[in-house]
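Examination of the molecular architecture
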Amino acid sequence: MVTTHNLGFPRIGKKRQLKLALESYWQGQTSQSDLLASAVELRKSHWQLQSDLDFVPVGDFSLYDQVLDTSFLLGHIPSRVRDLPGTAIDNYFRVARGRSANERASCCVSAGEMTKWFDTNYHYIVPEFEVNTHFSVNAETLIHQIEEAHAQGRKTKPVIIGPLTYLRIGKSKHSTDKLDLLVPLIKAYKELLCALESTGIEWLQIDEPALVTELEPEWQAAAMEVYQALQGRSFKILVATYFGQLQGNLKLACELPIDGLHLDAINAKDEITDVAALLGTDKILSLGVINGRNIWINDLNTTLDWLEPLHQQLGERLWLAPSCSLLHVPVDLDSEQELDSDVKSWLCFAVQKLDELSTLALALNNGRSAAAAALASNRALIESRANSPRVHKPEVQNALSRINDSMAKRQSRYALRAVEQRQKLKLPLYPSTTIGSFPQTVAIRQSRRDFRQGKLSAQAYQLAMEEEVAHCIREQEALGLDVLVHGEPERNDMVEYFGEQLEGYTSSQFGWVQSYGSRCVKPPIIYGDISRPKPMTVAWASYAQSLTEKPMKGMLTGPVTILNWSFVRDDQSRAQTCLQLALAIREEVLDLEKAGIDIIQIDEAALREGLPLRKTQWQDYLNWAIRAFRITANGVGDATQIHTHMCYSDFNDIIGAIAEMDADVITIETSRSDMGLLDVFDEFHYPNQIGPGVYDIHSPNIPTVASIVALMEKAEQRIPAERLWINPDCGLKTRTWPEVIPALNNMLKARELLVAKHRQNETVQTE
Ligand code: GLN
Ligand code: ZN
């Protein structure tokens, strides 16, 4: 019999219950025990949904982030919160988001740095290794959850993040080698594993996605050292790798003294034979055969074709699971009422993926005939998708074949364009702007909901949004910003908004995926060839521009970000899909320009996270991604200023590619890393203009004038003042107006001080 299990289940709940529970708790409307009770309910229902599996995961649930949970589990808590009052949960949220429930700005601390979990759009809180880092294990919460599951009659396989990965993804606040911490970390994990023995578990899943990245020899040695030290417990250990191939770590992974290895059979399919051969015959091999990163049905018959011989070979030693945690897919397709029935029949969310797993297990255990009906209907659906005229559009294919190199080039080089743009735009020193969105207020969301539910007419909705745009403009004028934005009230999300208007795209109603903490995104779904039936943003931008004399930025999402934040087709390459998107957004750029919009921002917030996990594959990705951006942006005239925005705290290694995008202005996230990332500009002479984000919009804290001045001065040491802009580090949609106004006010005060200083310096120099 093959064993079925799951690596992790989405935590947010079918209807985003976790988000609601968190946000009402943070606002002080509910108590800590209410929050914990909601968490119990969610876990219970998730285990229920997974009850067909041989093992359900425990420890995959989290109130904010599983990496932060691991830090707390290991008693590895930043010193800045250690002595603050309140419970562990208060401290947990302080590290997560700068403040606990109901805390006022005066008692906040800086939130932990957030970054993407491998190549996903899930953000974790980066473990901080300090000079005096020490661990002090506290397994109570995890043990409690295991007992909770046992009390509900579940057979559990708890999951923790492994020491190698934890150390690898953490950040050392000083320059010493992180591996110096290996010994104390191993000691902590040993303690943790000892503590888990009391729960009577049979298996423990230890996630080591670091094994699919390039590991230096000393890190490979560390992996062996870790698992040698963790041997000999009363339960067995399954090390889970996912998101990619093991490559240079394959032999190592097979030789670890563990009881089982999980391999991502989607991305590392080519390695299965080698792993099966190298893995000791006393170890189980768990194959992640159902894609945990996409939403397409699996071609079950084809999967069985290659699984059956493996099953013959491995027998009981074969386990089946999704390729990775299902955290990255929506919860339940059955919630969807509005999806087109064809498209819906090709889709598969977390719950359905587990059904597929059961079908595969049934067919392996009892023969295909035992699952005949499910397999036949799966075959029919796979065929209908492959042949559907809704998917394959000859006119899009033709447009693609007409792309030529000149479409990717601006008319003149930056220096010449800059002169024209200066004359046209007449911006002051350190032009001030924002990244696009203003608060998505309750009223805005209510209007959108009413409109969707037919309670508000299209015209009334339009009027309500226009009023919001007008309000945003009044506020920006009152603040004295130089380059305005319309505020994006009409956009539910920067990608979904475009997905709703492009052909080849569809949206789900409840297809939410956690991005960070309580923030969820609903990636739209690309199912067919992409085209733009009509302009998508021009009317909003023109309306906004009609209300002000100041320049208005047209606001678009770039093709790479749309791609990276959508669920994409698995029947053509990402590069191909990206080009289709580029052509569609290029049409929009040109229409905005025609409508008299002189500044167009094309957000590529997600360009970096699309980088493959292995450096050897980076150049190929960057080649097609940057080309797609250039095709999108570079059809405009010299006097039109192209901006792009990126929210990363780390792009040192791709700065060359970013410069190649040839945007006139880039705005970037810097504040959380204290402008540390600007170090790259010491060596790399970035030729165009830059707006380093001067404060962290993820936190509700109001930045001080002094902190902004200090950050800009750091920037000025690397980039001449003439090429600097001043702006927050990302869009303001998640903030409230009472947070936004004082923050921007401080930003503008800082700007005044900087301008005054600059003038003074100039006079000193000329004297
Ligand atoms: N223009 C978008 C906004 O302001 C950019 C968001 C982002 O970079 N994530 O909301
Ligand atoms: Zn951003």
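Structure first, text after, so check above.
Note on numbering: residues in each chain are counted from 1, in written sequence order. Ligands are numbered from 1 and chains lettered from A, in the order in which they are written. The predicted nature of this model means local features are confined to residues of pLDDT at least 70 and side-chain atom pairs, given and counted, to a pLDDT of 80 or more, with totals for whole chains, interfaces and linings taken over all residues. Note: side-chain values were computed over all heavy atoms of the structure, leaving out hydrogens and water.

1. A word on helix 9 (residues 217-229)
With 13 residues, helix 9 extends 18 Å between its outermost C-alpha atoms, agreeing within 8% with the 18 Å of an ideal straight helix rising 1.5 Å per residue. Residue contacts are defined here by distance: any two heavy atoms, one from each residue, within 4.5 Å place the two residues in contact. Under the scheme used here, helices are H or I runs from DSSP no shorter than 4 residues and strands are E runs no shorter than 2 residues, and both carry numbers assigned from the N terminus. Elements in contact with the buried residues of helix 9: helix 7 (163-169), helix 8 (182-197), strand 8 (203-207), strand 9 (236-240) and helix 10 (250-255). The span expected for a helix works out to 1.5 Å for each residue beyond the first.

2. Points about the state of the cysteines
The disulfide criterion used throughout: a pair of cysteine sulfur atoms within 2.5 Å. Taken as a whole and assessed by the stated rule, the structure comprises 0 disulfides. With no disulfide partner, C578 has as its closest neighbouring cysteine sulfur the one in C647, 17 Å distant. Type-normalised accessible area, obtained with a 1.4 Å probe on protein chains alone, sets the label of each residue: buried when under 20%, exposed when over 50%, and partly exposed for intermediate values. Judged by its relative accessible area of 0%, C578 is buried.

3. A few points about the sheet that holds strand 21 (residues 689-692)
Overall, parallel pairing links the 5 strands, which are arranged 17-18-19-20-21 in an open sheet. If you trace the sheet from one side to the other, it starts and ends with strand 17 (553-557) and strand 21, each paired once. Going from strand to strand, the sheet's axes swing by 20° on average, the running direction of each strand aside. Only when DSSP finds a minimum of two bridges between them are two strands counted as paired. Pairing between strand 18 (residues 599-603) and strand 19 (residues 641-646): 5 bridges, direction parallel. If you follow I600 over to strand 19, its bridge partner there is I642. Seen against the sheet, helix 23 (residues 574-594) touches strand 17 and strand 18 and runs at an angle of roughly 175° to strand 17. Note on geometry: axes are lines fitted to C-alpha atoms, helical ones only across the stretch in contact, with angles between N-to-C directions running from 0 to 180 degrees.

4. Some points on the coordination of the zinc ion (ligand 2)
Metal donors: N, O and S atoms at distances within 2.8 Å, or within 3.2 Å for Na, K and Ca, with water omitted from the atom set so that some sites may seem incomplete. The zinc ion (ligand 2) binds to the protein through H645 (NE2), C647 (SG) and C730 (SG); the donor distances cover 2.0 to 2.3 Å. Each of the 4 donor atoms around the zinc ion (ligand 2) contributes to a set of angles spanning 87 to 125°, which defines the coordination as tetrahedral. On the accessibility criterion, C730 (17% relative accessible area) is buried. Donor angles set the geometry label: tetrahedral for four donors if every angle is between 85 and 135 degrees, square planar for four and octahedral for six if opposite donors exceed 155 degrees and the others are between 65 and 115, irregular for anything else.

5. Section: the site of ligand 1
In the vicinity of ligand 1, the contacting residues are I435, G436, S437, E488, M494, M555, D603, A605, H645, C647, C730 and G731. Here a polar contact means two N or O atoms within 3.5 Å. Within protein one must be a hydrogen donor candidate and the other an acceptor candidate, and residues neighboring in sequence count only if both atoms are side-chain atoms. Contact distances for ligand 1 include 3.0 Å between a nitrogen atom and a backbone N or O atom of I435. Here a nitrogen atom of ligand 1 sits 2.9 Å away from a polar atom, N or O, in the side chain of E488. Compared with its free state, where it exposes 300 Å², ligand 1 has 92% of that area covered by protein. Throughout this entry, Asp, Glu, Lys and Arg are counted as charged residues, while Ala, Val, Leu, Ile, Met, Phe, Trp, Tyr, Cys and Pro are counted as nonpolar. The remaining residues, Gly among them, count as polar. Along the lines of polarity and charge, the residues of the shell around ligand 1 split into 6 nonpolar, 4 polar and 2 charged. For this purpose, a residue is taken to be near a molecule or strand whenever a single non-hydrogen atom of the residue falls within 4 Å of it. Areas reported here follow the Shrake-Rupley algorithm with a probe of radius 1.4 Å; residue values treat only the protein chains shown as occluding.

By themselves, these observations are geometric and do not establish any function.
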